[in-house]
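Residue-level structure breakdown
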Amino acid sequence: AQSVTQLGSHVSVSEGALVLLRCNYSSSVPPYLFWYVQYPNQGLQLLLKYTSAATLVKGINGFEAEFKKSETSFHLTKPSAHMSDAAEYFCAVSHSGAGSYQLTFGKGTKLSVIP
Amino acid sequence: GAGVSQSPRYKVAKRGQDVALRCDPISGHVSLFWYQQALGQGPEFLTYFQNEAQLDKSGLPSDRFFAERPEGSVSTLKIQRTQQEDSAVYLCASSPSLGGGYNEQFFGPGTRLTVL
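Residues numbered from 1 in each chain as written. Chains lettered and ligands numbered in written order. Predicted model: local features only at pLDDT ≥ 70, side-chain atom pairs only at ≥ 80, totals over all residues. Heavy atoms only, no water.

Bringing the overall build of chain A into the picture now. If you tally the helices and strands in chain A, you get 0 helices and 11 strands. Ordered by position in the sequence, the α and β elements of chain A form the string β-β-β-β-β-β-β-β-β-β-β. Relative to the 2.2 N^0.38 estimate, which gives 13 Å for 115 residues, the radius of gyration of chain A is 14 Å and therefore close to what a compact globule would have. Projected onto its principal axes, the C-alpha coordinates of chain A cover approximately 45 × 30 × 20 Å. (Helix = DSSP H or I, 4+ residues; strand = E, 2+ residues; numbered from the N terminus. Rg over C-alpha atoms; globule rule 2.2 N^0.38 Å.)

Before going further, it helps to spend a moment on the sheet that holds strand E7 (residues 65-68) of chain B. Residue and element names in this part refer to chain B. Read across the open sheet, the 4 strands follow the order E1-E3-E8-E7; overall the sheet is antiparallel. The sheet is open, and its two borders are formed by strand E1 (5-7) and E7, each paired with just one other strand. The sheet shows a mean angle of 15° between the axes of neighbouring strands, direction not considered. Where E7 meets strand E8 (residues 75-79), 4 bridges bridge the pair, whose relative direction is antiparallel. Note on E8: the bridge partner recorded for Phe65 is Ile79. (Pairing = 2+ DSSP bridges. Axes fitted to C-alpha atoms, helices over the stretch in contact; angles between N-to-C directions.)

The subject of this paragraph is the pattern of salt bridges. All names here are of chain B. The final tally for this structure, using the stated rule, is 5 salt bridges over all chains. Between Asp24 and Arg22 there is a salt bridge, with the nearest N and O atoms lying 2.7 Å from each other. The partly exposed category is assigned to Asp24, whose relative accessible area is 22%. Its salt-bridge partner being Asp86, residue Arg64 comes within 2.8 Å of it at the nearest N-O pair. One end of the pair, Arg64, is in the loop between strand E6 (53-56) and E7; the other, Asp86, is in the loop between E8 and strand E9 (88-95), and 22 residues separate them in sequence. Each of the two residues, Arg64 as well as Asp86, counts as buried. (Salt bridge = Lys/Arg side-chain N within 4 Å of Asp/Glu carboxyl O. Buried < 20%, exposed > 50% of the residue type's maximum accessible area, 1.4 Å probe, protein only.)

Right, let's talk about the interface of chain B and chain A for a bit. As a measure of interface size, the accessible area lost when the parts come together is often cited. Counting residues at the interface gives 28 residues for chain B, matched by 23 residues for chain A. A buried area of about 1900 Å², summed over both sides, lies between chain B and chain A, and 55% of it is on carbon and sulfur atoms. Taken together, chain B and chain A are joined by 0 salt bridges. Here chain B and chain A share 4 residue pairs in polar contact (both at pLDDT 80 or more) between them. Listed by contribution, the elements that provide at least two residues to the side of chain B that touches chain A are strand E4 (31-37), strand E5 (44-50) and E9 of chain B. With 4 residues, E4 of chain B is the largest single contributor of residues to the side of chain B that touches chain A. (Contact = heavy atoms within 4.5 Å. Buried area = accessible area lost by both parts, 1.4 Å probe. Polar contact = N/O pair within 3.5 Å; in protein donor to acceptor, adjacent residues only side chain to side chain.)

Okay, here's the thing in structure tokens:
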């Protein structure tokens, strides 16, 4: 069975500060990992995904994440927070195979950016 | 281009009523997923369609939940005899590909269901 743990349901950073959102996964097979962002009253938007091509993955809006197999982690970072980054962020895991390949999500981390 | 759309955006139902939630995926997308997102939680998988075939319904919480996609495009999630615990946001997602867990799923804005 696969699972995702996001440490910290709520993270606050100052504008211009480093953003670090933590995600640890559990998977019995090599995982595909995703970060999605959700703005209020909107659907989820893909930030980036890990598909085994490279361990450091760059996404949209200046976000990146590093896959660390030894730590079973896929933390999301951004060097300098912007007010527009305030949203809820979800880490998710999937695996390939026949039939369904649904996403298993963490509980989410709400990011607040303080001006 | 048009993304995934869902209707209605908000639905209030009295306990015991039946509801139907509609999803219009991106045109040409083969795969379609339904997720349930309770307040303060991440989305949880309900069911998966590949074209018109429902290949996985393991996430449906009870036999009161039913989903269909008869022509391989629009999908409807129906909840019979709604209960208060059914209150949640129901998200629909579509994907252009058949297989591979690495494919992006494109999400709609969701339908917020409130059962009184």
